Amino acid sequence: MGGANGATFRGGAGVDHAANGFDPRTLLREFDYGTVSTENGRTVRDWTIRAEDRDIEVAPGVVFPAWTFNGSIPGPTLRATAGDLMRVRFVNDSEHPHTMHFHGIHPADMDGVPMVGRGIISPGEEFTYVFDAEPFGLHLYHCHVGPLAEHIARGMYGTFIVDPPGGRPPADEMIMVQHGYNTTFDGEGNQLYAVNGIPFVYMNDPIQVRRGELVRIYLVNILEYDPINSFHLHGNFFDYYPTGTRLEPSEFTDTVIQAQGQRGICEIRFPYPGKFMFHAHKSEFADLGWMGFFDVVDGAES
Ligand SMILES: [Cu+2]
């Protein structure tokens, strides 16, 4: 491929998802509600998350020595309802010290940072983080061990969604975690950019959505070394709910900018069928992996 399409792998070969042990096409719509039980009349959700060192093929032939939560980049999307008790057992099966630091509202000793509460979880050790699911919205979790930039850039992040009481209107829901790979390990920018683990994956396999159906994207920026990222949608506009902690949108737009750690919810309906591109509006990030397509199709509601 060349000419206007560029000498690039964006429309070419993919990576071996099976060998990687995770598939961004599945991860897109995968929400982990945990093991549910009731204690004293209250809903309790339990998860076990393992830190694992893993070699991941991030582009054809490019293997990145990642540090992960449960073997995938990003880690699993945990999901609860406001007021639930969240109990996350963290097992460090990595050769490096790590923590799980959760955003949201919780006591200091559950913050997952060095020298507070249980602090650093050494290789072979474990700790269970327990906290209330609040406030409702979209939140990050990530490792908080120094050098922090490297622990994050290696892949140690994920999201958790706290649904409002009564939930949100029915929609085709998906998670998009914006991130990158500093494959030279010089801490100077990134060589690859992606959403949900693999550059260009939704170019090679467009995300199929239904015409007229509400699409809800949980959008997060955890890109390291480059502080600002963005999401731009072609041929359409969407409602934007910063952090997802209010039920009224703050903006009707086709582009949102997120600094590192920022997140929000985008709600879209596609009036026209066909392929619609989405990408970082920083063109360099798009050219290096952060771009994809929605494929809007007519069809019966499932
Ligand atoms: Cu770490």
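Scroll up a little and you will see the structure.
To keep things clear, this report deals only with the structure shown in the data block.

Calculation rules
Residues numbered from 1 in each chain as written. Predicted model: local features only at pLDDT ≥ 70, side-chain atom pairs only at ≥ 80, totals over all residues. Heavy atoms only, no water. Donors = N, O, S within 2.8 Å, 3.2 Å for Na, K, Ca; no water. Buried < 20%, exposed > 50% of the residue type's maximum accessible area, 1.4 Å probe, protein only. Pairing = 2+ DSSP bridges. Helix = DSSP H or I, 4+ residues; strand = E, 2+ residues; numbered from the N terminus. Axes fitted to C-alpha atoms, helices over the stretch in contact; angles between N-to-C directions. Contact = heavy atoms within 4.5 Å. Salt bridge = Lys/Arg side-chain N within 4 Å of Asp/Glu carboxyl O.

## Considering the coordination of the copper ion
Step number 1: In this structure, H98 (ND1), C143 (SG) and H151 (ND1) serve as the protein donors to the copper ion, at separations of 2.0 Å.
Step number 2: One chain supplies every donor to the copper ion, and in sequence these donors are spaced H-x44-C-x7-H. No difference in accessibility class separates C143 from H151, as the two residues are buried.

## Brief notes about the sheet that holds strand β16 (residues 251–253)
Step number 1: The strand order across the open sheet built from 6 strands is β11-β10-β13-β18-β15-β16, with neighbouring strands paired in mixed fashion. Single-partner strands in this sheet number two, and they are β11 (192–195) and β16. Ignoring which end each strand starts from, the neighbouring axes of this sheet average 25° apart.
Step number 2: Across 3 bridges, strand β15 (residues 238–242) lies against β16 in antiparallel orientation. Looking at β16, one finds that Y240 is bridged to E251.

## Some points on the environment of G197
Step number 1: Considering the arrangement of structural elements, one finds G197 in the loop between β11 and α4 (201–204).
Step number 2: For the pair G197 and L214, spaced 17 residues apart in the sequence, the C-alpha separation amounts to 25 Å.
Step number 3: Among all residues touching G197, those that are not within four sequence positions of it are F22, I73, P74, H179 and Y181.

## Observations regarding the sheet that holds strand β8 (residues 137–142)
What links the strands of a sheet is backbone hydrogen bonding, and the strands pair in either a parallel or an antiparallel sense.
Step number 1: One open sheet holds the 4 strands; their spatial order is β4-β9-β8-β6, and the pairing between them is mixed. Every other strand in the sheet has two partners, leaving β4 (78–81) and β6 (101–102) as the edge strands with one partner each.
Step number 2: Here β4 runs beside strand β9 (residues 157–163); their pairing, made up of 4 bridges, is parallel. Paired with R79 across the two strands is I161, which belongs to β9.

## Some words on the pattern of salt bridges
Step number 1: Taken as a whole, this structure holds 19 salt bridges when the rule is applied.
Step number 2: D163 is the salt-bridge partner of R79, the closest N and O atoms lying 2.9 Å from each other. Placement of R79 in strand β4 and of D163 in strand β9 is noted, with a sequence separation of 84 residues between them.
Step number 3: Look at D163 and you get buried, because its relative accessible area is 10%.

## Regarding the pairing of strand β2 (residues 42–59)
Step number 1: By the bridge criterion, 5 bridges tie strand β1 (residues 35–39) to β2 in an arrangement that is antiparallel. If you follow T38 over to β2, its bridge partner there is T43.
Step number 2: The antiparallel hairpin formed by β1 and β2 contains 2 residues in its connecting segment, where N40 sits at a positive phi of about 50°.
Step number 3: Note: β2 against strand β5 (residues 85–92), 8 bridges, orientation parallel. Across the sheet, residue R50 finds its bridge partner in β5, namely V91.
Step number 4: Across 8 bridges, β2 lies against strand β3 (residues 62–69) in antiparallel orientation. The partner of I56 across the bridge, within β3, is F64.
Step number 5: What sits between β2 and β3 in their antiparallel hairpin is a turn of 2 residues, with G61 showing a positive phi close to 85°.

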